[in-house]
Amino acid sequence: MSPPTSATSRDRLRIAIQKSGRLAEPARALLASCGLSWRESRDRLFCYGETLPIDLLLVRDDDIPGLIADGVCDLGIVGRNVLGEQDGERRNGGREPAFREWRALGFGACRLALAVPESWDWQGVSQLAGKRIATSYPALLSQWLAEQGIAADVVLLSGSVEIAPRLGQADAICDLVSSGATLSANQLKPVETLLQSEAVLAGPAAEFDAVRGELAQLLLRRLDGALRIRHSKLLLFQAPRRLLPALLPLLPDAEVPTVMQLDGEDDLALQALCHGAVTWQRLEDLKRAGARGLMVLPVEGMLA
Ligand code: ATP
Ligand code: ZN
């Protein structure tokens, strides 16, 4: 069960995901919801696809873009921040783009932000001129500074960026932020957002061969279905036909409902796939507008 060595002779698809960390579990769960299952190797770095010829490689997230660029893996699940940074590095080095974002996956949300000491009276980006900014994202930061027309020193740090101002290594920082708690614990405040990030499915910039291309398309179709129904519910109810004009506006996030005529009556049975939250409040509003027998069902799968 060890991975075959030649990238070109493979007729299986290989997806790299984070071995452990923030994206590891949600990435696996998403792929499992697409009907994939695996047998794990003893070293737990390679998972052999059982239901489909789609294997997993468990790695550090930073290695994922490079594995795709080298053809060791076909696809990967990684933060847009990591993908963007490594794409920027390649461009700065005069190399061709080798990977790109295929789909946004809706988890691992965070933003790459510029933060300054709380004591600064923030007036705008021009305040950064001539300052030292610590970051682990030098390519994205340099690109942003260039777009803003600001000349500042980028100080590369691989970790603990948030303490750099207190240590006197930098005046400001550029780092990932989700809640902002780490920043305020270090007397910093976010002032600019450079990139909104989330986990993405990354793939090569070039086309696959026929076999892997078909597998990738199959996976994408399932993934699109899984992403569409992730927060969706199926709503069933009955109502007199004449009340439809009042009821339909209460379902703005629903796909065009399926309407069935009930035998011998003016009553209709409706079935609506809602993509937003179906709250008690909404059910009560629908009932007040004349809906009866309201029922909310989970959606397990969908193929458009
Ligand atoms: P690895 O050992 O794989 O290199 P890591 O320490 O680089 O792990 P994590 O901290 O697990 O990685 O973060 C992985 C990704 O999670 C980040 O690249 C980012 O896209 C996303 N993420 C979401 N919220 C945050 C956050 N608050 N801080 C850092 N990353 C976050
Ligand atoms: Zn990492």
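Residues numbered from 1 in each chain as written. Chains lettered and ligands numbered in written order. Predicted model: local features only at pLDDT ≥ 70, side-chain atom pairs only at ≥ 80, totals over all residues. Heavy atoms only, no water.

Focus: the overall build of the chain
Link 1 in the chain: A tally of regular secondary structure across the chain gives nine helices and 16 strands.
Link 2 in the chain: A buried classification covers 45% of the 304 residues belonging to the chain.
Link 3 in the chain: In the chain, of all internal contacts separated by at least 6 residues, the share reaching a separation of at least 24 is 68%.
Link 4 in the chain: Of the charged side chains in the chain, 33 are positive and 38 negative, and the gap between their average positions amounts to 3 Å. (Helix = DSSP H or I, 4+ residues; strand = E, 2+ residues; numbered from the N terminus. Buried < 20%, exposed > 50% of the residue type's maximum accessible area, 1.4 Å probe, protein only. Contact = heavy atoms within 4.5 Å. Lys, Arg positive; Asp, Glu negative; His and termini not counted. Charge placed at Lys NZ, Arg CZ, Asp CG, Glu CD.)

Some remarks on the sheet that holds strand S14 (residues 258–261)
Link 1 in the chain: Taken together, the four strands give an open sheet; going across it, the order is S14-S15-S13-S16, and neighbouring strands pair in antiparallel fashion. Each of the sheet's edge strands pairs with one partner strand only, and the pair in question is S14 and strand S16 (292–298). Going from strand to strand, the sheet's axes swing by 15 degrees on average, the running direction of each strand aside.
Link 2 in the chain: Of the pairings in the sheet, the one linking strand S13 (residues 233–240) to strand S15 (residues 267–274) comprises eight bridges and is antiparallel in character. If you follow Ala239 over to S15, its bridge partner there is Leu268.
Link 3 in the chain: In the packing of helix H9 (residues 280–288) onto the sheet, contacts are made with S13, S15 and S16, and the angle to S16 comes to roughly 150 degrees. (Pairing = 2+ DSSP bridges. Axes fitted to C-alpha atoms, helices over the stretch in contact; angles between N-to-C directions.)

A closer look at the UniProt feature "domain: ATP phosphoribosyltransferase catalytic" (unreviewed entry) in the chain
Link 1 in the chain: In the numbering used here, UniProt assigns the feature "domain: ATP phosphoribosyltransferase catalytic" (unreviewed entry) to residues 60–222.
Link 2 in the chain: With 32% helix and 30% strand, the stretch residues 60–222 has end C-alpha atoms that lie 25 Å from each other. (UniProt positions renumbered as here; feature names shortened; annotations may be inferred.)

Details of the domain arrangement of the chain
Link 1 in the chain: Segmentation of the chain into domains returns domain 1 (13–108 + 199–228), domain 2 (110–197) and domain 3 (233–298).
Link 2 in the chain: Computed from C-alpha atoms alone, the centre-to-centre distance between domain 2 and domain 3 is 49 Å. (Domains from an automatic or database assignment.)

Here we look at the coordination of the zinc ion (ligand 2)
Link 1 in the chain: The zinc ion (ligand 2) binds to the protein through Asp61 (OD) and Asp62 (OD), with metal-donor distances spanning 2.0 to 2.1 Å.
Link 2 in the chain: Of note is the zinc ion (ligand 2), whose four donor atoms meet at the metal with angles of 71 to 178 degrees in an arrangement that counts as irregular.
Link 3 in the chain: You can call Asp61 buried: its relative accessible area is 19%. (Donors = N, O, S within 2.8 Å, 3.2 Å for Na, K, Ca; no water. Tetrahedral: all angles 85-135°; square planar, octahedral: opposite > 155°, others 65-115°.)

Things to note about the pairing of strand S9 (residues 153–156)
Link 1 in the chain: For strand S8 (residues 132–135) and S9, the ladder comprises four bridges, and the chain directions are parallel. Across the sheet, the residue bridging to Arg132 is Asp153, located in S9.

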